[in-house]
Amino acid sequence: MTTAVEATERSLLWSHEALGLHALADSAGSVRLGAPGQDWTSLLPLVEVTATGHGRIWSGERFIDTAIGDRLTYRGHETLQDGDWQCTTIRLADPATGLAADITLRTCPGAGFLRSQVRLVNEGSTPLRLESVSSLALGGIVDAMGALDGLTLHWADNDWLAECRWRHAVFRDHVVPLNRSAHGHEGRGCFERCSQGSWSTGRHLPIAALTDRTGRAWLWQIESSAGWRYETGEREGAVYLALFGPDDAHHQWRETVAPGQEFTTVPAVLVGAETGGLDAVFGELTAYRRRMRRSHQDHTALPVIYNDYMNTLMGDPTTDKLLPLIEAAGAAGAEVFVIDAGWYDDDAQGWWDAVGAWEASGSRFPGGIQKVLDAIREHGMTPGLWLEPEVVGVRSPLARTLPSEAFFRRGGVRVTEHGRHHLDLRHPAARAHLDQVVDRLVGDWGVGYLKFDYNINIGPGTENGAESAGAGLLGHHRAHLDWLGCLLDRYPGLVLENCASGGLRMDYAQLAVVQLQSTSDQQDPLRYPPIAAAAATAVTPEQAAVWAYPQPHFSPDEIAFTLTGALPGRIHLSGFLDRMSPEQFELVRSGISVYKAIRSEIPDSLPFWPLGLPSWEDTWIASGWRGHADTWLALWRREAAAGEREGGPRSRDQQGADESSCTVTISHLRGARLRPRLLYPATSDATASWDAADGQLTVSLPRPNTAVLLCLSAVPPAEGRQV
């Protein structure tokens, strides 16, 4: 094993001053990435690889200290400019196997992020069966005191109806000190999170962070729809971090690379900030996400979307039910109208296990669905449709007419999950079928918006011949991304929404391609605020679709509550607007008008959380975004949780405070003279005061289960009223 090498001569190959990272090569050719000044032994080999017959030097739960990684030696590097991107490729080789590893580090001048991807080529004479490959591996992270005791871990649990639930713990609660000097070895464990099956965010977000007490922070993201894992732990008195795509132990991923063949990992990104904590690094990650994603025709339009599903038609659309909703949505200010699930349902036994052909139902739309699509256009809106393209119901004729190889299979048996089969988009018949569907809906019917849902977890993947299930899943998803990109090439004005039972496939492999992301299927408006407030951690605000489903039986406070949560991102309006009183309808319409007045600022703004990232039961929740001139803040006051009502512990932000008021610190505005203005709703009876010296905003909401949107501006525009 390459140790602290007596040879002290090391070459600097690459550096990133904003992140405080250097890539160094020692005299033996080992290359490592980490913080400058750290003990060489605390740093990891630049690339970690396990392959059958070539495991780890120190056995345990960690995927570092691999035999191949330790043997990889430097053989050259080059730096190229690709537009705004600076790309450095460091070339390594393993003399024992002939495996070549090229790691490409991408960044932009002055930016606080690093994107990494590894390409492996078998230059040897025998096949290699890969079992794990790091996309990024580094060490040498310590707190401001040069130790680990001041570090805090942050990670996000994810689940259906409960997305983006951030948690934190002292690093030492998960990685305890073991006294390495007494044992001569590192520990065998680590803190890890990973995906399971085909819902990439069904358990956790592929994002996590480390912070210290001084405001320094490191944040990472893995960009994979197929499988991912990260680990962090202690190595020689410092923290290491290793980011992976799918692996054998967690995802049944193995990739046999024959001589002359290659494999490329999924991308991973690291961002950092010396001050500002989580707000600073999430701002940097937001800027990175905007740089790396596909450019669309207009990223700033952000049209208001009405969707008939949530708490409204719930998969039961008909011409008679839709026409009054279309008229009301248009009058309220919607610009897109999406007919959600059920528009194809003409099966007496139900549509769930019969989908796949995506033909409009004759019984639901007498005279054809075109009548409804035309009505949408006549009311000034773009028509949209819901689709679940990757599945075919077991009772669909396509389950029998498409070739067996066009579906996911394991052990030679077609996979079935919840009454559905799964298409493999690497097969030309599967892709041709979906191309024909989209060409009909978009090219012939004139649909301009497609909501792509994904409601099954198909498990580890598909075995096509000798490939592993995890390799099959990665291959399918790479074909899926290519298909999405080709759709947008063919129809540049088409808008694609990524949905997977809400936010269960909320990853930047797909979000680098499509325009929108569903954040949740949560139907309880009182449960949505922590999801809506934290959504900007997972997705840029202009891609985050949040439901607003006001109903005729709602009070004015309830209508405003559900609308306010959607104003910082993308509005997914729903609800029986056609049955509302004039006063209720005006409250909805005024919220849409406020959104239209500020939406052009959202694509250039950066999110922040003046009360910290929300917890699930928090009484007060705050989510803000800062633009070039103005700052906006959404603030929710929910009814106290059961434990608080019964005298138990109060929420973290309300200890010792009046429950009807909340004070938040907005650091970037400290010292500024400004007036907080209420943008929405006018019915909240809210008051607000600003303490410029301390940078503190105090907001009073006299009633629980209310919410407001405020604008903090040095020069108030004409609209809005001072509070």
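Coordinates for the structure precede this section.
Just so you know, these numbers come straight off a predicted model, no measurement behind them.

**A look at the packing of aromatic side chains**
Under the criterion given, the structure shown has 21 aromatic pairs. With a centroid separation of 5.8 Å and an interplanar angle of 80°, the aromatic rings of phenylalanine 63 and phenylalanine 244 are classed as edge-to-face. A residue pair is termed long-range when its members are at least 10 positions apart, and phenylalanine 63 in the loop between strand S5 (49-51) and helix H1 (67-71) and phenylalanine 244 in strand S17 (residues 238-244) qualify at 181 residues. One exposure class covers both phenylalanine 63 and phenylalanine 244, and it is buried.

**Here we look at empty space enclosed by the protein**
Applying the stated rule across the entire model yields seven cavities of 30 Å³ or more. Empty space within the largest cavity amounts to approximately 130 Å³. In terms of lining, the largest cavity is formed by 13 residues, of which the most central are Ala532, Ala536, Pro541, Pro568 and Gly569. Contributions of two or more residues to the lining of the largest cavity are made by helix H12 (529-538), strand S31 (544-548) and strand S34 (620-626).

**Considering unusual backbone geometry**
At the junction of tyrosine 680 and proline 681, the peptide bond is cis and its omega measures out at -5° in the coordinates. Summarising the element assignment, proline 681 is placed in the loop between strand S37 (675-680) and strand S38 (687-691). At leucine 302, a position not held by glycine, the phi torsion is positive, near 45°. Among the structural elements, leucine 302 can be located in the loop between helix H5 (277-292) and strand S21 (305-307).

**Here we look at the pattern of salt bridges**
What the rule picks out here adds up to 41 salt bridges. For arginine 229, the salt bridge is made with glutamate 192, and the minimal N-O distance between the two is 2.6 Å. With arginine 229 in strand S16 (residues 229-235) and glutamate 192 in strand S13 (residues 191-194), this residue pair connects regions lying 37 residues apart in the sequence. Of the residues examined, arginine 229 reaches a relative accessible area of 0% and is grouped as buried. Assessed through its relative accessible area of 25%, glutamate 192 is described here as partly exposed. As a salt-bridge pair, lysine 451 and aspartate 340 come within 3.2 Å of each other at their nearest N and O atoms. Here aspartate 340 lies in the loop between strand S22 (336-339) and helix H8 (370-378) and lysine 451 lies in strand S28 (residues 449-452), a separation of 111 residues in the sequence.

**A look at the packing of helix H10 (residues 428-444) against helix H11 (residues 469-490)**
Running from amino to carboxyl end, H10 crosses H11 at an angle of 30°, the nearest separation of the two axes being 12 Å. One way to sum up the angle between H10 and H11 is to call them roughly parallel. Our pair here, H10 against H11, has a crossing hand that is right-handed. Together, Arg431, Leu434, Asp435, Val438 and Asp439 of H10 and Ala479, Asp482, Trp483, Cys486, Leu487 and Arg490 of H11 make up the contact between the two elements.

**Observations concerning the pairing of strand S39 (residues 696-700)**
Remember that side chains alternate between the two faces of the sheet whenever the strand is regular. In the sheet, strand S36 (residues 661-665) pairs with S39 via five bridges, with the strands oriented antiparallel. Paired with serine 661 across the bridge in S39 is serine 700. Counted between consecutive antiparallel strands, the loop separating S38 from S39 contains four residues, among which glycine 695 sits at a positive phi close to 65°.

**A look at the environment of valine 438**
Take valine 438: it is sitting in helix H10. In this view, valine 438 contacts Gly443, Leu450, Trp483, Leu487 and Tyr491; residues no more than four positions away in its chain are not counted.

**Quick notes on the pairing of strand S32 (residues 570-573)**
Covered by surrounding structure in S32 are Arg570 and His572 together with Ile571 and Leu573, the residues of both alternating faces. Two strands pair when backbone bridges link them, and S21 and S32 are joined in this way by two bridges, in the parallel orientation. In the sheet register, tyrosine 306 faces S32, and the bridge partner there is leucine 573. Pairing geometry for S31 and S32, over four bridges, is parallel. In the strand pairing of S32, alanine 548 is matched with leucine 573. Handedness of the crossover is the feature at issue here: the chain leaves S31, passes through helix H13 (residues 556-564), returns alongside S32, and the resulting connection is right-handed.

Cut-offs used in this document
Residues numbered from 1 in each chain as written. Predicted model: local features only at pLDDT ≥ 70, side-chain atom pairs only at ≥ 80, totals over all residues. Heavy atoms only, no water. Phe/Tyr/Trp six-rings, centres within 6.5 Å; stacked < 30°, edge-to-face > 60°. Helix = DSSP H or I, 4+ residues; strand = E, 2+ residues; numbered from the N terminus. Buried < 20%, exposed > 50% of the residue type's maximum accessible area, 1.4 Å probe, protein only. 1 Å grid on protein atoms, 1.4 Å probe; cavity = no way out; pocket = protein on both sides within 12 Å on 5 of 7 lines; lining within 4 Å. Points joined across faces, edges and corners; volume = space filled by probe spheres on them. Salt bridge = Lys/Arg side-chain N within 4 Å of Asp/Glu carboxyl O. Axes fitted to C-alpha atoms, helices over the stretch in contact; angles between N-to-C directions. Parallel < 35°, antiparallel > 145°, perpendicular 65-115°, else oblique. Left-handed = near helix turned anticlockwise from the far one by under 90°. Contact = heavy atoms within 4.5 Å. Pairing = 2+ DSSP bridges. Right-handed = clockwise from strand over helix to strand, strands pointing away.

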